[in-house]
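Next come the chains, spelled out residue by residue.
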Amino acid sequence: MGRHKGYDRTEVLEKAMHLFWRKGFEGAHLQELVAVTGLNRFSLYKEFGGKEGLYEAAVEHYLLGLQHLGAILNREPLGLQNVLDEVQLVIETEFPYGCFMTNALTQQEVLDAKIRRRVQNHIAQTEALILRNFEAAQGRGEIPADRDLAGLAKFVVTFDIGIVTYATTRPTPQEKRQIWESFRDLLTRSLSAEPRGEALPPASEAG
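**Let's talk about the overall build of the protein**
Here is step 1: Of regular secondary structure, the protein possesses ten helices and zero strands.
Here is step 2: The linear arrangement of helices and strands in the protein, starting from the amino end, is α-α-α-α-α-α-α-α-α-α.
Here is step 3: Principal-axis analysis of the C-alpha atoms places the extent of the protein at approximately 65 × 45 × 35 Å.
Here is step 4: Burial status across the protein gives 39% buried among its 207 residues.
Here is step 5: Counting only carbon and sulfur atoms, one obtains 53% of the accessible surface of the protein, whose full area is about 12000 Å².
Here is step 6: When the 24 basic and 28 acidic side-chain charges of the protein are each reduced to a single mean position, those positions are 8 Å apart.

**Examining the environment of glutamine 81**
Here is step 1: Mapped onto the fold, glutamine 81 is located in helix α6 (residues 80–92).
Here is step 2: On the basis of relative accessible area, glutamine 81 is assigned to the partly exposed category, the value being 47%.
Here is step 3: Sequence separation of glutamine 81 and isoleucine 130 is 49 residues, and the distance between their C-alpha atoms is 11 Å.

**Here we look at the pattern of salt bridges**
Here is step 1: Taken as a whole and judged by the stated rule, the model has twelve salt bridges.
Here is step 2: The partner of glutamate 94 in a salt bridge is lysine 176, and the shortest N-O contact between them spans 2.9 Å. Of this pair, glutamate 94 sits in the loop between α6 and α7 (100–105) while lysine 176 sits in helix α10 (residues 173–190); the two residues are 82 residues apart in sequence, bridging distant segments of the chain.
Here is step 3: Residue classification places lysine 176 among the buried residues on the basis of a relative accessible area of 13%.
Here is step 4: Here arginine 140 makes a salt bridge to glutamate 142, at a shortest N to O gap of 3.0 Å.

**Here we look at helix α4 (residues 51–64)**
Here is step 1: Here α4 spans 20 Å end to end across 14 residues, near enough to the 20 Å set by a 1.5 Å rise per residue.
Here is step 2: Inspection of α4 places Lys51, Gly53, Leu54, Tyr55, Ala57, Ala58, Val59, His61, Tyr62 and Leu63 among the buried residues, and these make up the whole buried set.
Here is step 3: As for α4, its buried residues are in contact with α1 (9–27), α2 (30–37), α3 (41–48), α5 (67–73), α7 and α8 (113–139).

**Re the packing of aromatic side chains**
Between two aromatic rings, the relevant description is the distance of the centres plus the angle of the planes.
Here is step 1: In this structure the tally under the stated criterion is eleven aromatic pairs.
Here is step 2: Between tyrosine 62 and phenylalanine 100, the aromatic rings sit 5.2 Å apart at their centres with planes inclined by 80°, giving edge-to-face as the arrangement. On the criterion of sequence distance, the pair formed by tyrosine 62 in helix α4 and phenylalanine 100 in helix α7 is long-range, its members being 38 residues apart.
Here is step 3: In this structure phenylalanine 100 comes out as buried when scored by relative accessible area, which is 1%.
Here is step 4: Consider the rings of phenylalanine 155 and phenylalanine 183, whose centres lie 6.0 Å apart with planes at 15°: the pair is stacked. On the criterion of sequence distance, the pair formed by phenylalanine 155 in helix α9 (residues 149–166) and phenylalanine 183 in helix α10 is long-range, its members being 28 residues apart.
Here is step 5: When the ring centre of phenylalanine 25 is taken as reference, the NZ or CZ atom of lysine 51 above it lies at 4.6 Å.

**What to know about the nonpolar core**
Here is step 1: If you look at the biggest cluster of nonpolar residues, it comprises 58 residues, and the most contacted ones within it are Phe20, Tyr55, Tyr62, Phe100, Phe134 and Leu187.
Here is step 2: Considering every element that reaches this core, the biggest residue donor is α1, with eight residues.

**With respect to unusual backbone geometry**
Here is step 1: The peptide bond linking glutamate 76 to proline 77 adopts the cis configuration, its omega dihedral lying at 0°.
Here is step 2: Phi is positive for arginine 170, which is not a glycine, with a value near 60°.
Here is step 3: Examined against the element boundaries, arginine 170 turns out to sit in the loop between α9 and α10.

**A word on the packing of α2 against α3**
Here is step 1: Two elements in contact, α2 and α3, have axes whose closest approach is 10 Å; the angle formed by their N-to-C orientations is 90°. Taken together, the axes of α2 and α3 lie roughly perpendicular to each other. Mapping the contact onto sequence places Leu30, Gln31, Leu33 and Val34 in α2 and Arg41, Leu44 and Tyr45 in α3.
Here is step 2: Its residues placed into classes, the contact of α2 with α3 shows five nonpolar, one polar and one charged.

The rules behind each value
Counting from 1, residues in each chain are numbered in the order their sequence is written. For a predicted model such as this one, the threshold for reporting local features is a pLDDT of at least 70, and the threshold for listing and counting side-chain atom pairs is 80 or more; totals across whole chains, interfaces and linings nevertheless cover every residue. Only hydrogens and water are set aside; all other atoms, that is, all heavy atoms of the structure, feed into the side-chain values. Runs of H or I in DSSP of at least four residues are treated as helices and runs of E of at least two as strands, each being numbered from the N terminus. Accessible area is worked out with a 1.4 Å probe on protein chains only. A residue is then buried under 20% of its type maximum, exposed over 50%, and partly exposed in between. Each accessible area value is a Shrake-Rupley result obtained with a 1.4 Å probe; residue values ignore everything except the protein chains displayed when judging cover. As used throughout, the charge tally considers Lys and Arg to be positive and Asp and Glu to be negative, leaving His and the chain termini uncounted. Charge positions come from single atoms, namely NZ of Lys, CZ of Arg, CG of Asp or CD of Glu. One speaks of a salt bridge when a side-chain nitrogen belonging to Lys or Arg is within 4 Å of a carboxyl oxygen belonging to Asp or Glu. Given a helix with a known number of residues, its expected span is that number minus one, times 1.5 Å. In this description, contact between two residues means that some pair of their heavy atoms is separated by no more than 4.5 Å. The pairing test for Phe, Tyr and Trp rings, Trp by its six-membered ring, is centres within 6.5 Å, and the orientation test on the planes gives stacked under 30 degrees, edge-to-face over 60, and tilted for anything in between. We count a charge as sitting over a ring when the NZ of a lysine or the CZ of an arginine lies within 6 Å of the ring centre and within 35 degrees of the ring normal. In this text, buried Ala, Val, Leu, Ile, Met, Phe, Trp, Tyr and Cys residues form a nonpolar core when linked through side-chain atoms within 4.5 Å. Axis lines are fitted to C-alpha atoms, over the contacting stretch for helices. Their N-to-C directions set the angle, which ranges from 0 to 180 degrees. The scheme is simple: roughly parallel for angles under 35 degrees, roughly antiparallel for over 145, roughly perpendicular for 65 to 115, oblique for anything else. For this classification, the nonpolar set comprises Ala, Val, Leu, Ile, Met, Phe, Trp, Tyr, Cys and Pro, the charged set comprises Asp, Glu, Lys and Arg, and every other residue, Gly included, is treated as polar.

In C-alpha cells form, the structure reads like this:
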C-alpha cells in the first residue's frame, strides 16, 4: 500500500502558479517554491521532477482555470453572442499579474519547448473556437459572406491577450465598461452588412 501524501496537489499547484505568475520562471527561486507550497525539496522533485516540471504543471493548472471561457465558446447555438460574452467575461475577470500564458511565451530562452507548444496550442484552439462561432453566424446570414472571419478571429484572440495584460493597470469598473462597449461596437460594425471602406494597399505598396 502506497504512502499517503501529506499535501493536496491542487493546493500546491495553486500556490506555485501564483508565485510563477508573479515572478516568472527564473524569478521564482526553488527555496521560495518550497516555502510557498509547503513541500520539501524531496517531495517537489518526486511529484513534479523539479522546478520546470512544477512550472509545466502550474501552466496546466492555469489553463484548467480558463475552461469556463472555452465553455462559453462551445455553447449552442454557436454564434456572435458567444464571442461577445467570452470577451466581456475576460474584461471583467481579475488578472493581477497579466496573462500567465503570455508570460510563459516571453521566457522562451529558459523554458522547455514543450511548455511553449502547450501554450501556443491553447491559443490556437481558442482562435479556432472563435472562428467556428463566426462561421455559424455567417451560415445563418448574420455576417456578410465577404468578411475575413479568420482575420477577425485572430483580432479577438489578440484583444483577449492584450486586455489581460492591461488588467495589471487595475482599471476601474467604469473603465472596463468603456473598454467593453468600444470592443462590442467595433466588432459588430466590422461584421455588419454596411459597405466596407476602401482596403489598405499591400505593405509592399504602402508609403
